[in-house]
Amino acid sequence: MKPCPHCGASLHEEASFCPYCARAVNERKAIHPPRHMPRRALYSALILLAAAATVLLLVFWFHSRPRTYDSKDSEVIYSNSFRLCFAKEDTPIEPVPQNHYYAELDASYRYPVQLYISDMENGAFATEDFMQLVESITAEINSSDEYLSITCTEPQEDSGYYPDAAVVIFVDFSIVTPGEHEAELVCTVTMKNGDVIRLHQDQQYSSVMTYRYTSQDAPMNTIQELQALVDEVSATVNERDQVYLYLPPIVYEGELTLRDRTISLYGSVGADGQRTTFTGTVQASYRRGVHVFDNIYFIGHGEGVGVHAVDAARIQLVNCRVSGWETGMQAADSTWVDADETVFEDNAVGLHFDTVNAFVSDNFYTNDVFQNNGTAILVESVPGDTSLEFPGALFKGNSQDIDNRCGQKLELEGAVFK
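None of the values given here were measured: they were computed from a predicted structure. (Residues numbered from 1 in each chain as written. Predicted model: local features only at pLDDT ≥ 70, side-chain atom pairs only at ≥ 80, totals over all residues. Heavy atoms only, no water.)

Peer 1: So what's going on with the environment of Ile117? Which residues, and what values?
Peer 2: With respect to the secondary-structure elements, Ile117 resides in strand E7 (residues 109–119). For the pair Ile117 and Val167, spaced 50 residues apart in the sequence, the C-alpha separation amounts to 9.5 Å. Aside from chain neighbours lying at most four places away, what touches Ile117 is Phe82, Arg83, Leu84, Ala124, Phe125, Ala126, Thr127, Phe130 and Ala166. (Helix = DSSP H or I, 4+ residues; strand = E, 2+ residues; numbered from the N terminus. Contact = heavy atoms within 4.5 Å.)

Peer 1: Please provide a residue-by-residue account of empty space enclosed by the protein, values included.
Peer 2: If you walk through the whole model with that rule in mind, you get 1 cavity of 30 Å³ or more. Space inside the largest cavity adds up to approximately 30 Å³. Those elements giving two or more residues to the lining of the largest cavity turn out to be strand E5 (82–87) and E7. Ranked by the residues each element gives to the lining of the largest cavity, the list is headed by E7, at 3 residues. (1 Å grid on protein atoms, 1.4 Å probe; cavity = no way out; pocket = protein on both sides within 12 Å on 5 of 7 lines; lining within 4 Å. Points joined across faces, edges and corners; volume = space filled by probe spheres on them.)

Peer 1: Requested: an account of the nonpolar core, with residues and values cited.
Peer 2: Judged by nonpolar contacts, the single largest core of 52 residues is most densely connected at Leu245, Phe278, Phe293, Phe298, Leu317, Phe353 and Ile377. A per-element tally of this core places helix H3 (residues 223–236) first, with 5 residues. Within the second largest apolar cluster, 33 residues are counted, among which are Val76, Tyr111, Ala139 and Ala183. (Core = buried A, V, L, I, M, F, W, Y, C linked by side-chain atoms within 4.5 Å. Buried < 20%, exposed > 50% of the residue type's maximum accessible area, 1.4 Å probe, protein only.)

Peer 1: Would you mind going over the pairing of strand E28 (residues 349–355) in detail, with residue names and values included?
Peer 2: A large share of E28 lies buried, amounting to 6 of its 7 residues. Alignment of strand E25 (residues 327–333) against E28, held across 6 bridges, turns out to be parallel. Bridge pairing in E28 links Asp333 to Thr355. (Pairing = 2+ DSSP bridges.)

Peer 1: So, a negative patch on the surface: which residues are in play, and what are the values?
Peer 2: A cluster of acidic residues, Asp73, Glu180, Glu182 and Asp202, forms a negative patch at the surface. In this structure, Asp73 sits in the loop between strand E3 (68–70) and strand E4 (75–78). For Asp73, a relative accessible area of 37% translates into the label partly exposed. (Patch = residues over 30% accessible without salt bridge, like charges linked within 9 Å, V, L, I, M, F, W, Y side chains within 5 Å. Areas by Shrake-Rupley, 256 points an atom, 1.4 Å probe, with all protein chains shown as cover. Salt bridge = Lys/Arg side-chain N within 4 Å of Asp/Glu carboxyl O. Lys, Arg positive; Asp, Glu negative; His and termini not counted. Charge placed at Lys NZ, Arg CZ, Asp CG, Glu CD.)

Peer 1: If you had to explain the sheet that holds E25 to someone new, which residues and values would you point to?
Peer 2: Read from one edge of the open sheet, 7 strands run E16-E19-E22-E25-E28-E30-E33, paired in parallel fashion. Edge positions in the sheet fall to strand E16 (256–258) and strand E33 (400–404), since each has one partner strand and no second. If you compare each strand with its neighbour and ignore which way they point, the axes differ by 10 degrees on average. By the bridge criterion, 5 bridges tie E28 to strand E30 (residues 375–381) in an arrangement that is parallel. Residue pairing across strands places Val349 opposite Thr375, the latter belonging to E30. (Axes fitted to C-alpha atoms, helices over the stretch in contact; angles between N-to-C directions.)

Peer 1: Could you give an account of the pairing of strand E11 (residues 180–191), naming the residues involved and the relevant values?
Peer 2: Pairing of strand E8 (residues 134–142) with E11 involves 8 bridges; the strand directions are antiparallel. Within E11, the position partnered with Val134 by the bridge is Met191. Joining the antiparallel neighbours E11 and strand E12 (residues 196–207) is a turn of 4 residues, in which Gly194 adopts a positive phi near 95 degrees.

Peer 1: If you had to explain the sheet that holds strand E26 (residues 336–340) to someone new, which residues and values would you point to?
Peer 2: The strand order across the open sheet built from 6 strands is E13-E14-E17-E20-E23-E26, with neighbouring strands paired in parallel fashion. Of all strands in the sheet, those with a lone pairing partner are strand E13 (210–213) and E26, marking the two edges. Direction aside, the axes of adjacent strands within the sheet are offset by 15 degrees on average. With 4 bridges joining them, strand E20 (residues 291–294) and strand E23 (residues 314–318) adopt parallel strand pairing. Along E23, the bridge assignment pairs Asp294 with Val318.

Peer 1: Go over H3 with me, naming the residues and quoting the values.
Peer 2: If you check H3, its first and last C-alpha atoms are 20 Å apart, about what 14 residues at 1.5 Å a residue would give, namely 20 Å. Considered for burial, the residues of H3 that qualify are Ile223, Leu226, Gln227, Leu229, Val230, Val233 and Ser234. Along the axis of H3, the buried positions cluster into a sector of 160 degrees, meaning they face one direction only. Counted as exposed and oriented over 90 degrees from the buried face of H3: Gln224, Glu232, Ala235 and Thr236. Elements in contact with the buried residues of H3: E13, strand E14 (242–246), strand E15 (251–252), E16 and strand E18 (277–278). (Expected span 1.5 Å × (residues − 1). Arc of directions from axis to C-beta.)

Peer 1: With reference to specific residues and values, describe the packing of aromatic side chains.
Peer 2: Under the criterion given, the structure shown has 23 aromatic pairs. With 6.2 Å between their ring centres and 35 degrees between their planes, Tyr116 and Phe125 make a pair best called tilted. When the ring of Phe353 is compared with that of Tyr365, the centres are 5.7 Å apart and the planes differ by 85 degrees; the resulting orientation is edge-to-face. Pair noted here: Phe353 is in strand E28 and Tyr365 is in the loop between E28 and strand E29 (369–371), with a separation of 12 residues, a long-range link. (Phe/Tyr/Trp six-rings, centres within 6.5 Å; stacked < 30°, edge-to-face > 60°.)

Right under this line is the structure:
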């Protein structure tokens, strides 16, 4: 028996209804049918989940995929960490968007294009850190000008001439018709992570006139006549044009000064063996181009400087003789001098370097002879880490062969000392 939960009457154990109060004895639980999500809502949820997954995948892919950095210019910022630019060695942080060269027709030229890498945070050179991330560096030069012959080398290190540059590209060109000519240099840096960096630099070339003078074209039989011709040419001929003076086989008594433009002098030998000879100082002070002195004797009397570069001039001797001077040939200030197949003898100092911030046009002194000098070569100051190299040079009978006061790097492996 069990009591009714409502009136308390005694009921049979299995009773489900109380006959006394007419109320149900067992508690009934409501039955709820299963609820189903509408198909449209299910599809919407799946679409949202797929979209979120796609966005995450795209974000991951975007940040991990190889990227191309191409500013179409001579400067590129890579990954906000490195700054790459084509620049000059004296201003390596200033991008050079264009090179402009003046050239004679049918003449061959070569010039360097330097790539510098710096740290975006502190501006310091960052070549070593950057190159550890690099897979390869290539270069190409393009031009649709059929009258311009032009190629470039693969990028290469050149710590001797350009110690701070990451790589150097050498451009070789010649032009065959007068006028203006153009090309574009493109350097491609491929990183180990697949990123690609491209730098561009415009190249422009202008043809120049060439003037050649002999003693039949203008009087040049005395130092006064030669100086007058040099001054007249400097005043009347465009400074970009090339001027060559072919000198007679005579002795010029007195000094010659080349200013306001580059002029090259070519000596000669007469039937009696007499050579073009200067007994006074020949001085050059013009900064553009290289003054070439070929097949000339510079003979002094124990005093002064035989061949003197001043200001920012550059002089190259070829097959010359420099003898009897206090200083045979000197580079001072921001100048540079070079000599090949040239004899320096009987000078107190044969070749004197005392220059800073110079543009080094050539650091090879090939097959020169230094004999019977007090000091054959005096090195007081040379810009940067430029190595002076003497392949095939002969040192003989000098009181001192080389006085390297500034401790400059010298390459003497091919030289001979007697």
